[in-house]
Amino acid sequence: MNSDLRSPLNRARGLGSAKDGLHHWWAQRLTALALIPLVIWFAISLVTMSGADYGMVRAWIGSPVAMVLLILTIVIGLHHGQLGLQVVIEDYVHNDGVKLALIVAVRFVAVLFGLAAVVAIMRIGFGG
C-alpha cells in the first residue's frame, strides 16, 4: 500500500510536507545560471589584475560596477552552495534532529561569510 498521501500533481511539483521542493529546485538552477557570467567575469578580472599593485586593485574594487558584481558573485555563490549542501544533508542524514541542526548551521555560516565579505568589499571600496 502506498503511504504517500500527496496527489499526483503535488508529487510531480515536488510539493511534500514542506511545500518547498519546486522552489528549492528552481533556486538552485537560477543561482547556477547567474553564476556562469559572474564567475567568467571574476576569472577574467583576476587575470587582468594579476600584475596590479595594491592601490590599483583597491581602486578597481572601489568602482561601482566591480563592487556590485563582486558582492553579487559572493552572495549568489554562497546561496548556491548552501542550497546544494542542504540537498546533500537532506539526502544523506537520516536523524531529523541532526539534519535540522546541520541545515541551520550551514545557513548560519553562509550568512555569516556573506556579511563578512560584503562588509570587507564595502570597506575596501569606500576606503575604510
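These notes cover the structure that comes with them. (Residues numbered from 1 in each chain as written. Predicted model: local features only at pLDDT ≥ 70, side-chain atom pairs only at ≥ 80, totals over all residues. Heavy atoms only, no water.)

1. A look at the overall build of the protein chain
A tally of helices and strands in the protein chain yields 5 helices and 0 strands. Of the regular secondary structure in the protein chain, the N- to C-terminal order runs α-α-α-α-α. Buried residues in the protein chain amount to 23% of all 128 residues. Contacts in the protein chain between residues at least 24 apart in sequence constitute 66% of all its contacts with a sequence separation of at least 6. (Helix = DSSP H or I, 4+ residues; strand = E, 2+ residues; numbered from the N terminus. Buried < 20%, exposed > 50% of the residue type's maximum accessible area, 1.4 Å probe, protein only. Contact = heavy atoms within 4.5 Å.)

2. Considerations on the packing of aromatic side chains
Under the defined criterion, the tally for this structure stands at 3 aromatic pairs. Between Trp 25 and Trp 26, the ring centres sit 5.2 Å apart and the planes meet at 85°, which makes this aromatic pair edge-to-face. (Phe/Tyr/Trp six-rings, centres within 6.5 Å; stacked < 30°, edge-to-face > 60°.)

3. Examining the side chain of Ser 45
Note on placement: Ser 45 falls in helix H2 (residues 21-48). Judged by relative accessible area, which is 7%, Ser 45 ranks as buried. Of note is the side chain of Ser 45, whose polar atom sits 2.8 Å from the backbone oxygen of Trp 41. (Polar contact = N/O pair within 3.5 Å; in protein donor to acceptor, adjacent residues only side chain to side chain.)

4. Let's talk about the nonpolar core
One finds Ile 61, Met 67, Leu 70, Ile 71 and Ile 121 forming the largest nonpolar core, which totals 5 residues. The greatest single-element share of this core, amounting to 3 residues, is contributed by helix H4 (residues 64-92). Leaving out residues up to four positions away in the same chain, Ile 121 has contacts with Ile 61, Met 67, Leu 70, Ile 71 and Ile 74. (Core = buried A, V, L, I, M, F, W, Y, C linked by side-chain atoms within 4.5 Å.)

5. Comments concerning the packing of helix H3 (residues 54-62) against H4
Contact geometry of H3 with H4 gives a least axis separation of 5 Å together with a crossing angle of 80°. Taken together, H3 and H4 sit at an angle that is classed as roughly perpendicular. On the side of H3, the interface is formed by Trp 60, Ile 61 and Gly 62, while H4 contributes Pro 64, Ala 66, Met 67 and Leu 70. (Axes fitted to C-alpha atoms, helices over the stretch in contact; angles between N-to-C directions. Parallel < 35°, antiparallel > 145°, perpendicular 65-115°, else oblique.)

6. Looking at a nonpolar patch on the surface
A surface patch of nonpolar side chains, about 820 Å² in accessible area, is lined by Leu 22, Trp 25, Trp 26, Leu 30, Leu 33, Ile 36, Ile 40 and Ile 44. Relative to the assigned elements, Ile 40 resides in helix H2. (Patch = residues over 30% accessible without salt bridge, like charges linked within 9 Å, V, L, I, M, F, W, Y side chains within 5 Å. Areas by Shrake-Rupley, 256 points an atom, 1.4 Å probe, with all protein chains shown as cover. Salt bridge = Lys/Arg side-chain N within 4 Å of Asp/Glu carboxyl O.)

7. Some details on the packing of H4 against helix H5 (residues 96-125)
The contact between H4 and H5 brings their axes to 10 Å, and the two run at 170°. Looking at the two axes, H4 sits roughly antiparallel to H5.

8. Looking at the side chain of Gln 86
Here Gln 86 is to be found in helix H4. A distance of 3.1 Å separates the side chain of Gln 86 from the side chain of Arg 107, its partner in a polar contact. If sequence neighbours within four positions are ignored, Gln 86 has contacts with His 24, Ile 103 and Arg 107.

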